[in-house]
Amino acid sequence: MSETKYYEKISEILSNIHSTQKAQIEKAGDVAASAIAAKKRIYLFGSGHSVIPVMDIFPRYGSFVGFFPLYDPRLMWTNVVGPGGARELLWLETREGYIEIFLQSYPIEKGDVMVVFSHGGLNAAGIEAALYAKSRGLTVITVSSLANARVSQAKHSTGKKLPDVADIAIDNCVDPEDAQVDIGRPEKIAAGSTIAAVFVAMALVAETGAQLVAKGYMPQTFVSPNVPGIEKNHNQKIFETFTEALLTPRAQ
């Protein structure tokens, strides 16, 4: 029965995203497609569980060169406690000033796009990634719970929440508490924000790719070997294309 409850809740969330966020996702796809066609970059950022949609966008079967994930192992746990532990991560992502140091390693420039994932949208990591991008002339797309933004008090010293920094704020349509299933206790269980974020991420990939083709630009796609007619070294060429794009000098 609880499995059915979770299925129903997740189905409702995905339906709400489809019905209420379609225009925002289409707008984000147009911005991303225009940037890739102009040989700009779509940077992707998240911390904690919000790293998951970042990891799932590229490299991933069905995605394509133009998306540049930003990974910081200090903002991703590899352990529950101790080195790489969740407690350390949860502390660091709330510290102001760290993300600017991290992002200085990347040639982020005007015309690029920054996509930031964060369910709560209150931690310094996501907010400062968005602020850093905005200050450098990037279009900022955010994916977060707008319901949480409405009911929560800002934690960042600027008084901003993640959607406040966005040019395009996409709602993950998940309640602030995230957990979905009532089992007769004060707290619910089984979170919904990860599935919601990955759904938005793949919808953005789909929309961006379709708009690229409409613009006459052929995406360099990472393809499953199960697709008939694909050369054996196809994905090796995709990695080479990505590496070339990554290493090509850019303005500082």
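Worth saying up front: this structure is predicted, and the values here are computed from it rather than measured.

Asks: I'd like a description of the overall build of the protein chain, backed by residues and values.
Replies: Along the backbone of the protein chain there are 10 helices and seven strands. For 252 residues, the compact-globule estimate of 2.2 N^0.38 gives 18 Å, and the C-alpha radius of gyration of the protein chain, at 18 Å, lies within 12% of that figure. Across its three principal axes, the protein chain shows a C-alpha extent of roughly 55 × 45 × 40 Å. Across the 252 residues in the protein chain, those meeting the buried criterion constitute 45%. Expressed as a percentage of contacts within the protein chain between residues at least 6 apart in sequence, the contacts between residues at least 24 apart total 75%. Carbon and sulfur atoms form 56% of the exposed surface of the protein chain, whose accessible area is close to 12,800 Å².

Asks: So what about the packing of aromatic side chains? Which residues, and what values?
Replies: A ring pair, where both rings are aromatic, is described by two values, the distance of the centres and the angle of the planes. Within this structure, the stated rule accounts for nine aromatic pairs. Centre to centre, the rings of Tyr-43 and Phe-68 are 6.2 Å apart; their planes meet at 55 degrees, and the pair counts as tilted. Of this pair, Tyr-43 sits in strand E1 (residues 42–46) while Phe-68 sits in strand E2 (residues 67–69), and the two are 25 residues apart along the sequence. Residue Tyr-43 shares its accessibility class with Phe-68, and that shared class is buried. The interplanar angle of 45 degrees and the centroid separation of 6.4 Å between the aromatic rings of Phe-45 and Phe-102 together place this pair among those described as tilted. Of the two residues, Phe-45 is situated in strand E1 and Phe-102 in helix H5 (residues 98–103); the sequence distance between them amounts to 57 residues. When sorted by exposure, Phe-45 lands in the same class as Phe-102, which is buried. Grouping aromatic residues by their ring pairs yields a cluster made of Tyr-43, Phe-58, Tyr-61, Phe-68, Phe-222, Phe-239 and Phe-242. Lying over the aromatic face of Phe-68, Arg-41 brings its terminal NZ or CZ to 4.6 Å of the ring centre.

Asks: Explain the packing of helix H1 (residues 2–20) against helix H9 (residues 193–214) to me, and be specific about the residues and the numbers.
Replies: For the pair H1 and H9, the least separation of the axes is 10 Å and the interaxial angle reads 35 degrees. The crossing of H1 and H9 is right-handed. The residues of H9 that touch H1, namely those facing Tyr-6, Ile-10, Ile-13, Leu-14 and Ile-17, are Ile-195, Ala-196, Phe-199 and Val-200. Across the contact of H1 with H9, the residue classes tally to nine nonpolar, no polar and no charged.

Asks: Provide a residue-level description of the side chain of Ser-152, including the pertinent values.
Replies: Structurally, the position occupied by Ser-152 is in the loop between helix H7 (146–151) and helix H8 (162–165). At 2.9 Å, the side chain of Ser-152 and the backbone oxygen of Asn-148 are in polar contact.

Asks: Report on the environment of Ala-35, specifying residues and quantitative values.
Replies: Following the sequence through the fold, Ala-35 ends up in helix H2 (residues 22–37). Using a relative accessible area of 5% as the deciding quantity, one classes Ala-35 as buried. Note: C-alpha distance between Ala-35 and Asp-112 (77 residues apart in sequence) is 6.3 Å. Aside from chain neighbours lying at most four places away, what touches Ala-35 is Lys-40, Ile-42, Gly-111 and Val-113.

Asks: Which residues make up the side chain of Asn-148, and what values do they have?
Replies: Of note, Asn-148 is situated in helix H7. A relative accessible area of 8% means that Asn-148 is categorised as buried.

Asks: I'd love a proper account of the pattern of salt bridges, names of residues and values included.
Replies: Here the idea is simple: oppositely charged side chains can pair when their charged atoms come close. Scanning the model with the defined rule gives nine salt bridges in all. Ionic pairing is found between Glu-26 and Lys-22, a salt bridge with its closest N-O pair at 2.6 Å. Taken together, the residues span about one helical turn, with Glu-26 and Lys-22 both in helix H2 at a distance of four residues. Classification of Glu-26 as partly exposed rests on a relative accessible area of 30%. Judged by its relative accessible area of 45%, Lys-22 falls in the partly exposed class. Here Glu-109 and Lys-40 are joined by a salt bridge, their closest N and O atoms 2.8 Å apart. Taken together, the residues span a long stretch of sequence, with Glu-109 in the loop between H5 and strand E3 (113–117) and Lys-40 in the loop between H2 and E1 at a distance of 69 residues. With a relative accessible area of 14%, Glu-109 lands in the buried category. The exposure class assigned to Lys-40 is partly exposed, which follows from its relative accessible area of 24%.

How each quantity is defined
Residues numbered from 1 in each chain as written. Predicted model: local features only at pLDDT ≥ 70, side-chain atom pairs only at ≥ 80, totals over all residues. Heavy atoms only, no water. Helix = DSSP H or I, 4+ residues; strand = E, 2+ residues; numbered from the N terminus. Rg over C-alpha atoms; globule rule 2.2 N^0.38 Å. Buried < 20%, exposed > 50% of the residue type's maximum accessible area, 1.4 Å probe, protein only. Contact = heavy atoms within 4.5 Å. Areas by Shrake-Rupley, 256 points an atom, 1.4 Å probe, with all protein chains shown as cover. Phe/Tyr/Trp six-rings, centres within 6.5 Å; stacked < 30°, edge-to-face > 60°. Lys NZ or Arg CZ within 6 Å of the ring centre and 35° of its normal. Axes fitted to C-alpha atoms, helices over the stretch in contact; angles between N-to-C directions. Left-handed = near helix turned anticlockwise from the far one by under 90°. Nonpolar A, V, L, I, M, F, W, Y, C, P; charged D, E, K, R; others polar. Polar contact = N/O pair within 3.5 Å; in protein donor to acceptor, adjacent residues only side chain to side chain. Salt bridge = Lys/Arg side-chain N within 4 Å of Asp/Glu carboxyl O.

Don't take any of this as a statement about function, it's just geometry.
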